[in-house]
Each structure stands twice: as C-alpha cells, then as structure tokens.
Amino acid sequence: PQPIRLTDYRPPAFLIETTELVFALEPNTTRVKARLTIRRNGEHAEPLVLHGERLKPISVAVDGKLLADSERTIDAEYLTVPNLPDAFVLETEVEIDPEANKALDGLYMSGGRFCTQCEAEGFRKITWFADRPDVLSRFTVRVEADKKFHRLLSNGNLMESGVLPGGRHYAVWNDPFPKPAYLFALVAGELDELADKLVTMTGRTVDLKIYVDPGMSDRAAYAMDSLKRAMKWDEEVFGREYDLDLFMIVAVRDFNFGAMENKGLNIFNSSLLLADPATATDLDYERIESVVAHEYFHNWTGDRITCRDWFQLCLKEGLTVFRDQSFSADMRGAAVQRIKDVKTLRARQFSEDQGPLSHPVRPGSYLKIDNFYTATIYEKGAEVIRMLKTLIGDEKFREGMDLYFDRWDGHATTVEEFIRCFADVTGEDLTDFFAWYEQAGTPNVTLKHSYDADTRILKLDLTQATAPTPGQPTKRALPLPVRIGLLDGEGRTQAFLRDGTALDETVVVLNGEATSVTFTGVDAAPVVSALRGFSAPVTLETDAQAKDRYVQLAGDPDLFNRWEAGQDLARALISSRASGRPDEVGEERYAEALGRGLADQAADPAFKALLLSLPSEADLALAMKPADPGAIHEAREALRTRLALHLEDDLKRLHIGLQELGEFSPDAASAGRRALRNATLDLLAANPRAEVITLADGHYRAAINMTDAMGGLNALMLLGGEAFDSALVDFYERWKSEPLVIDKWFALQGRDPSDGALGRVMGLTAHPAFDQTNPNRLRALISNFAANQAQFHDPSGSGYRFLADTILAVDGFNPMTAARLVEPLGGWRRYTPELGTLMKAELQRIAATEGLSKNVYELATKALA
Ligand code: HT7
Ligand code: ZN
C-alpha cells in the first residue's frame, strides 16, 4: 500500500454545498439516498471522484438523469463521474448492512440500535461522498425506521417528525452549520432520555439531552452535571458559547474509542458516560467529567474550526486535550491533575517516542489515519500548547485564541495558521517554536549548577539533545521553557535576582543546544527546583544529590516537583535493586521520608495517594537499558514490601481513619480520601499475612461503593489464595448483569501479576461473558494482560504469542481495534535480547500473514523497520 503524504495535499476538486440524506433503516438492508449540490472548485476538467466502500450501488443520477454504467465507474474505493458541468445535483442510492458491520466504523448496530462512527473515514461506508475534512457541507437528514427504533436522532435541530405506513416513523434533522462528513451522526433505537437546560452567557436556553439504555437515565446524572460545568467553563475561560438550541449525547456499548464529538450529537462509549456509586469508581467519574468536557470543547476546537487534512489532527486534538486538562485542573486541583497528566504522558507518549512508532505531533505520512490517534498527537499535542502559553503568557495566549476563533470560524485550517494567530498577537517570530510540531522524539535536558557562596552567585548550565527517531536522524534544538525556583537546605523558598529583578520563580528559555543563566543574591547554597509543573515534555538530568531530593520531597512548594522528587528517589532505589545492588539504607531513609509526607496535615489526601504509589513497572522499564521486566517487578515489589513493613502503623491508622461514614460523593476531596485509603491497603498487601488478608477481605466486603470494592479486590488479588478466589466468584455473581462492572472483573484478572496469569487469561477468553467483538471487553482482558509486565513478558514468549494470535483474530472483523493491540510488541528493541527476539518473531509472523488489514500491516511493519 502507498502512504499518504502531507506534501501531496491538494484542495478538493469539487465542493458539496448541501447534502440531503434519506435513511430507510433496516438492520441488514439499509437504503441510503443522497442528494448533493456540487460545485467545481476552480478551473479544471477533472472528473468527480467520491469515496465509497462496501456500498451496494443502486443508482447514480446527475441533474435528474440516471447514469448508465458506462457514464460512471464504481470500484472498491471510489465512484468516478467524468464530463460534469460546473454546478450540478448528484443523486445516489446505495444499500448497506449495518448488522454485519463489526468494524464499528460507518453505520453499525450496537445493542439492537443503529449508530454511527464517521471519524476519520467512516462516512464513505454510508454513502458516496468527498470524505475529507476540508469539504464542509450543510446537512439535512431524514431518518425512517420501524417504530421499535423509538428515537430517531441526527445532528442539528429537529425539523419534523411523524408516522409512516407499515408501523414505521420518521424524523427530519437540519444542521445549520457546515461540517465535514466525519462529524455526521445518526442514532436510532430504544433509549431513555435525561433532559436538562442551560442558559448561555447571552441568555439563550439550550436543551440538553442524554440518551442511554432503558432504565439507566439515573446513571447519566454525573455526565449531565459535568456537561453543564464544562459549558459554563468554556464561556468563562475561553469566551465560547454553545451555538445550537439542542445538545445531545448518546451512550453506546460497542465503540472503538472513548467518545466522538459529532456536531450537536456526541456519541459516547457507555463506559465514559454512565456512573453511579455502586457501579463506577472514582476514576470512572474523573474520566467521565474530562471526556464529556473534551467532546463538548470540540464544538469550537474541531467542529466550528476543523482540520484541513488529517495531518493537522493535533490542531483539534492537542488543543482540545489542553482545554480539557485545564478544565479538570480547575475542577479538581491543579497540582494533582498535573501529576496525573504527566504520569499518562510518560506512560503512553514517552514510550511511543522511544520505539519504532515515534512520530511528530504533526506527522508527514500515514497508511491508515486511524493509527494516528496516538498519545503523541493527543498528549504531546497538549504539551506543546501548554508550552506556548508559558512562553507568551496567559493574556497573549487568550488574545491569540480569540483571534484564531475570529479568523477561522467556519473553516478547515492548519497548524501553521493556528500558530500564526499567536505570532500576530505577540509580534514574535514563532518559526522555531513550530519545530515542536515537526520533530519527533523526547528532548533530554541536562542542568548543572555552580554556586559561589562568596559572591552569592548561582550559575545554571542547561543543554538539550534529542536522540534520532525513525526517519529523523538529526535533530535540532527546540525552544524549551524551564520553570525554576530555589530552596535552601531547610526546604524554604529562596528569593534571587535575575537581571536585577527579585524573584521567587522564573522561566528560563533554553533556546539552543546550550544556555547559561546567572542568578545573583542567592543567600545560601541552593537546592534547584527545576522544570516545575513539568514545564516542558522532556527528560531532565540534573546534578542534584539524593539529599537535595529529600529536601524537595519534604517541602518543595511546587507540588509537582515534590512528588517528582519522591519518584526520582524510588526510581534510583528500584534500579539499584534490579541490577543487584540494593541500597537498604537508602530504602529505609525513603520510607521515613514517605512517613513524614503521610503525616503532613497540610497535604491533600489525593496528593498523598500519589506520593505513596511507586513509579509503574512500565515507567521503570523505560529507564532501564535493556529492560528486564522480571527483575523490575521483583525489585519494585521488594521496595513495596520494605515500605509496607516500615510504614505499617501509619498505613493501618490511615486505613481506619479514612473510613467513610457519610454518603458517597464523587467530589475531588472525597475521591482523594478514598484514593489514599485504597493506596494504604495496596501497600499493606505488599507484606502478605493472614492479618492483611482479613483486612483486605473486610475492606472488599464492607465496601458500599465500587471504588472501595475494587480497592479491596485489587488487594486480595495481590495477596492471592482462597480469599481472592472466593471474592472473584462473589463479585461476578453480584454484577453479572452489569457489563461495565464485568469489564472491571476481566481487567483485574488481566492485571494479576502472579504466576500462571496467561493460563487464567486464556481460560477467561472461553468464559461465556467474554466477547472479543466488544472493544471494551476485549481491551479489559487483553490490553490489561499486555500491560502486565511481569506476566506478559514471560521468558517463554507465550504471552507474545497469545497477543499476536488475538491481534490476527480481531483483525478479521475490526482492524482499528486490532491495530491498537500491536503497540505492546512495538518496543521489542528496548528489552533484553532474549525477550526482544521473541517479540520480534511475533511481529514478523503478524506482518507475514495474508489478508492483513492496512491498519495492522502499517503498525507491524513500522515496528519491525
Ligand atoms: N475525535 C474523536 C476520535 C475518534 C475516533 C478516531 C478513530 C476511530 C474511532 C474514533 N472514535 C472517536 C474522539 C476525540 O478525540 O474526541
Ligand atoms: Zn478529541
């Protein structure tokens, strides 16, 4: 297959001004009629070429005249019509089979309902169309179906509805905003409605409706509350008001991704919408809040202003992640939110950047765009916006955003044009900054300090270098904002002078390969607190000593760096152990420092919970070259055991003291207390004894919400044995009619680090509740197993073989989801030669399989290159 390249971009040959669709819905034989008013774009004599896949042609007519077979060509990917006038009406009719569509792309059925997923290229499986984001059209959609499909929904405003002969009914929807086809949506089926209203900043009343499985509307209350908060926040922080009179969200069980921002009709994976205390954890609540906000924010950053082509994906995704992270920071506390965001960035994006699939935030080529919904586009894309804001300041950032909304509303645009708005409002040349979009890889920054007590001068020397990535052997220096503050030996903030100005904190811009900066008036030998708030997405090496890290861990006012100091210390201790040189004195000292952190009355419980959790095994594997997952697991567990022993009394005290007495509330403070209580139990489980088993079992059985039930079950899993087996049975029996809860049951077993995990996981694939056509269930078991470092990387290679077999099986019906499973094998070069060879062999087997989808082929071959 030939790659698609950014440099090959050409404006569309034809524009589609209006699109009228008529859907006659039937599960196996849906008829789709399209009436498109089309205009030639510029002077040329090219034929009209529309995308269309898996469509059964019924008819094609131009200006009312049916075309003979000889007047048009239809192949597996396109409809081509030559010799057309400059403006004309194209009418087509096709038949499709939604029930047979297990790829969940285009129009398909989920739980007996019709629904759509059109981003990125699903619309072409519904009808012939210019399925590219720069063709914006005004849509009118008539949906007809049997009355048992009670709700008939599409984008925009409801214009008309009524009854048809033969037990059928219809609804007509009009979306006044021109949109690309990827934002089209249709849903039909039996759904309950949760309704609310919101008065916007200009006093307009908007109807808000969330549609869910019958009987589930109570579980949409938190999503509705999140939506209203997000709408108000976007008005207050970005000045953006909702534009239609109706905003709808629908939850579906079968969905390849988290959610989708279709104009006025968002479609959500039910796991990111439905919540009540009994069935959802605090993490579910947190995600619901952030994803509801994310999809809503797309209304301006994605729908009103969209991407010119798919290479510009970060234009909407990176920016919208930045917006949802800012919203969550305002809702839940900036420091804790930032720590969680950086943990995600490191776990997903840094590992992507260290492997063969490393790519720039704006890639230059692809085979299947579905493969580029990556952590680099999303998470690193958000980091780039965050740095831009740090570099130009809050006010100029808002001015630039306002200009962007004014200038590009109603258009499809590019990342260059986005950055140009900030260059225009600041008068700065942002050419160097733009390189962040084009260069792949994680810069490594070094910082060295020298302090002269006599002159009270501190000199900081910073350098940066980025290792080569596939296709980019040489790298340039990028403009990097490094936020810095100073502490004294007691952990107190030290003021200093920079260019004569007294400061507590400053941003040093590393704008080349190396830079030096001098601070004067530094009274005492400083502890340098650098890269505060993780001000740039880099790895940082400093000349700080362990004693400096302890000063920071005890009281760096920058909570990100306080947490980071603990992680750095833990990383060093675990890697010493993993390489056979345990530092027992250091481990005791670390345990004591954590004990002081736990006792700090001023600290937020959510922060303490983060402090207690050690760097993940995947995170540690990134730092160990070559990575030995077995050794990392053992070393990390040994440190956990030491902490559990040393902190036993504190942990038990907290576990009792944090027990919830009142009613469940999903707010951040309550969630933080539950997180801390569950973290104490998790750590206690590292020192297995009958007493701890009783504690975990009691925790599980007394739980009155899902967060605590999962906390108890997780601890029992770590402890193993009969108590765990019986809790697993109990959990299944209790929740077997709740698919979202049973996903958790599968996920937990996928994560089980004890020996024999693969056999159990394979056994679970034969469980009556396992269904590989449902992405949530598939990922719950398989992706969690592939992230289970100790067991997936079993030296026999059986874990790799199992994953490859699963990828090949799923590729037969859902290539997009199959491709997302390839990534755990992609990092084969980072592991010990024995493991790497076995991983590579499975990738080779996948790549050599006949009939592979483009999705899996692209990732497997790139991983091997
Ligand atoms: N913009 C949405 C992306 C998405 C998607 C992409 C590929 C295949 C299926 C998909 N479903 C949704 C979601 C978002 O980022 O907001
Ligand atoms: Zn998005």
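Residues numbered from 1 in each chain as written. Chains lettered and ligands numbered in written order. Predicted model: local features only at pLDDT ≥ 70, side-chain atom pairs only at ≥ 80, totals over all residues.

**Observations concerning unusual backbone geometry**
Our working rule: Secondary structure follows DSSP: runs of H or I at least 4 residues long count as helices, runs of E at least 2 residues long count as strands, and numbering of each begins at the N terminus.
That bond from Glu-119 to Ala-120 is cis: its omega, 0°, falls within 30 degrees of zero. Residue placement: Ala-120 occurs in the loop between strand S11 (113-117) and strand S12 (137-146). The omega angle of the peptide bond from Lys-625 to Pro-626 is -5°, so this bond is cis rather than trans. Its location among the elements puts Pro-626 in the loop between helix H13 (617-623) and helix H14 (629-646).

**A look at the UniProt feature "domain: Peptidase M1 alanyl aminopeptidase Ig-like fold" (unreviewed entry) in the protein chain**
We count it as follows: UniProt positions are given in the numbering used here, feature names are shortened, and annotations may be inferred rather than shown by experiment.
Here the UniProt-annotated "domain: Peptidase M1 alanyl aminopeptidase Ig-like fold" (unreviewed entry) positions come out as residues 441-543. Overall, residues 441-543 shows 0% helix and 52% strand. The separation of its end C-alpha atoms is 23 Å.

**Focus on the environment of Ala-251**
The condition that has to hold: Note that contacts rest on C-beta atoms placed from the backbone: two residues are in contact if these are within 7 Å.
The topology assignment puts Ala-251 in strand S19 (residues 246-252). Sequence spacing of Ala-251 and Leu-274 is 23 residues, and the spatial spacing of their C-alpha atoms is 7.9 Å. Sequence-distant contacts of Ala-251, defined by excluding residues within four places in its chain, comprise Val-212, Phe-268, Ser-270, Leu-273 and Leu-274.

**Quick look at the domain arrangement of the protein chain**
Convention followed: Residue ranges assigned to each domain were obtained from an automatic or database domain assignment. In this classification, the charged set is Asp, Glu, Lys and Arg, the nonpolar set is Ala, Val, Leu, Ile, Met, Phe, Trp, Tyr, Cys and Pro, and all remaining amino acids, among them Gly, are polar.
Each assigned domain of the protein chain is listed with its residue range as follows: domain 1 (4-190), domain 2 (306-438), domain 3 (444-536) and domain 4 (736-865). Its C-alpha centre places domain 1 at a distance of 31 Å from the equivalent point of domain 2. Counting residues at the interface gives 11 residues for domain 1 and 13 residues for domain 2. Residue composition of the side of domain 1 that touches domain 2, grouped by class: 8 nonpolar, no polar and 3 charged.

**Thoughts on the packing of helix H6 (residues 394-408) against helix H7 (residues 415-426)**
Let me state the cut-off plainly: Geometry is summarised by axes, namely lines fitted to C-alpha atoms with helices restricted to the contacting stretch, and by angles between N-to-C directions that run from 0 to 180 degrees. By the definition adopted for this analysis, an angle is roughly parallel if under 35 degrees, roughly antiparallel if over 145, roughly perpendicular if from 65 to 115, and oblique otherwise. The handedness criterion is simple: a crossing whose near helix is rotated anticlockwise from the far helix by less than a right angle is left-handed, and one whose near helix is rotated clockwise is right-handed.
Two elements in contact, H6 and H7, have axes separated by 8 Å at closest approach and are oriented at 125°. When the interaxial angle is binned, H6 and H7 end up oblique. The interaxial crossing formed by H6 with H7 has right-handed handedness. In this structure, H6 uses Lys-396, Glu-399, Gly-400, Leu-403, Tyr-404, Arg-407 and Trp-408 to contact H7, whose residues at the interface are Glu-417, Phe-418, Cys-421, Phe-422, Asp-424, Val-425 and Thr-426. When its residues are assigned to classes, the contact of H6 with H7 shows 7 nonpolar, 2 polar and 5 charged.

**Overview of the site of ligand 1**
The line we're drawing: We call a residue near a molecule or strand when its C-beta atom, built from the backbone, sits within 6 Å of it.
Taken together, the neighbourhood of ligand 1 is formed by 15 residues, with Glu-119, Asn-256, Phe-257, Met-260 and Tyr-373 sitting nearest. Every element with two or more residues in the shell around ligand 1 is listed here: strand S20 (259-260) and helix H2 (282-297). Residue classes in the shell around ligand 1 are distributed as 6 nonpolar, 4 polar and 5 charged. Mapping the shell around ligand 1 onto the domain boundaries places at least three of its residues in each of domain 1 (4-190) and domain 2 (306-438).

**With respect to the UniProt feature "domain: Peptidase M1 membrane alanine aminopeptidase" (unreviewed entry) in the protein chain**
The feature "domain: Peptidase M1 membrane alanine aminopeptidase" (unreviewed entry), as annotated in UniProt, sits at residues 222-435 in this numbering. Secondary structure across residues 222-435 comprises 57% helix and 9% strand; the distance between its end C-alpha atoms is 40 Å.

**Some remarks on the sheet that holds S20**
Paired through their backbone hydrogen bonds, the strands of a sheet run either parallel or antiparallel. How we decide: Two strands are said to pair when DSSP picks up at least two bridges between them.
Spatial ordering of the open sheet is given by S17-S18-S19-S21-S20, a layout of 5 strands whose pairing is mixed. The two strands at the open ends of the sheet, each matched to only one other strand, are strand S17 (192-199) and S20. Set on the sheet, helix H1 (residues 221-238) makes contact with S17, strand S18 (205-212) and S19; between it and S17 the angle comes to about 25°.

**What about the packing of helix H12 (residues 605-612) against helix H16 (residues 668-684)?**
Between H12 and H16, whose axes approach to 7 Å, the crossing angle comes to 30°. In this view, H12 runs roughly parallel relative to H16, as classed from their interaxial angle. Considering the relative orientation of H12 and H16, their crossing is left-handed. Every residue of H16 that contacts H12 at Pro-605, Ala-606, Lys-608, Ala-609 and Leu-612 is listed here: Ala-668, Ala-671, Gly-672, Arg-673, Ala-675, Leu-676, Ala-679 and Leu-683. Its residues placed into classes, the contact of H12 with H16 shows 10 nonpolar, 1 polar and 2 charged.

**Side note on the sheet that holds strand S10 (residues 106-110)**
Reading across from one edge, S10-S11-S16-S13 is the order of the 4 strands in this open sheet, with antiparallel pairing throughout. Edge positions in the sheet fall to S10 and strand S13 (151-154), since each has one partner strand and no second. For this sheet, the mean inter-axis angle between neighbouring strands, taken without regard to orientation, is 20°. Two elements, S13 and strand S16 (residues 186-189), share 4 bridges in a ladder whose sense is antiparallel.

**Some points on H16**
Convention followed: For a helix, the expected span equals 1.5 Å multiplied by the number of residues minus one. Residue burial here comes from a neighbour count, namely the number of other C-beta atoms, placed from the backbone, that lie within 10 Å of the residue's own C-beta, with 20 or more meaning buried, 12 or fewer meaning exposed, and in between meaning partly exposed.
Here H16 contains 17 residues, and its C-alpha end-to-end distance of 24 Å stays within 8% of the 24 Å for a straight helix at 1.5 Å per residue. The buried fraction of H16 amounts to 15 of the 17 residues, a majority that puts the element mostly inside the structure.

**Brief notes about the environment of Thr-7**
For Thr-7, the location among the structural elements is in the loop between strand S1 (4-5) and strand S2 (14-24). Taking the C-beta count within 10 Å as the criterion, Thr-7 has 7 such neighbours and is therefore assigned exposed. With 784 residues separating them along the chain, Thr-7 and Gln-791 place their C-alpha atoms 44 Å apart.

**A few points about helix H3 (residues 313-332)**
With 20 residues, H3 extends 28 Å between its outermost C-alpha atoms, agreeing within 8% with the 28 Å of an ideal straight helix rising 1.5 Å per residue. Within H3, 17 of the 20 residues are buried, leaving the element largely enclosed by the surrounding structure. Gly-333 sits one or two positions beyond H3 and adopts a positive phi of about 105°.

**What to know about the environment of Leu-503**
Tracing the backbone shows Leu-503 in strand S30 (residues 501-503). Using a count of 15 C-beta atoms within 10 Å as the deciding quantity, one classes Leu-503 as partly exposed. Linking Leu-503 and Gly-485, residues 18 residues apart in sequence, is a C-alpha distance of 8.7 Å. What Leu-503 contacts, discounting residues up to four positions off in sequence, is Ala-495, Phe-496 and Arg-498.

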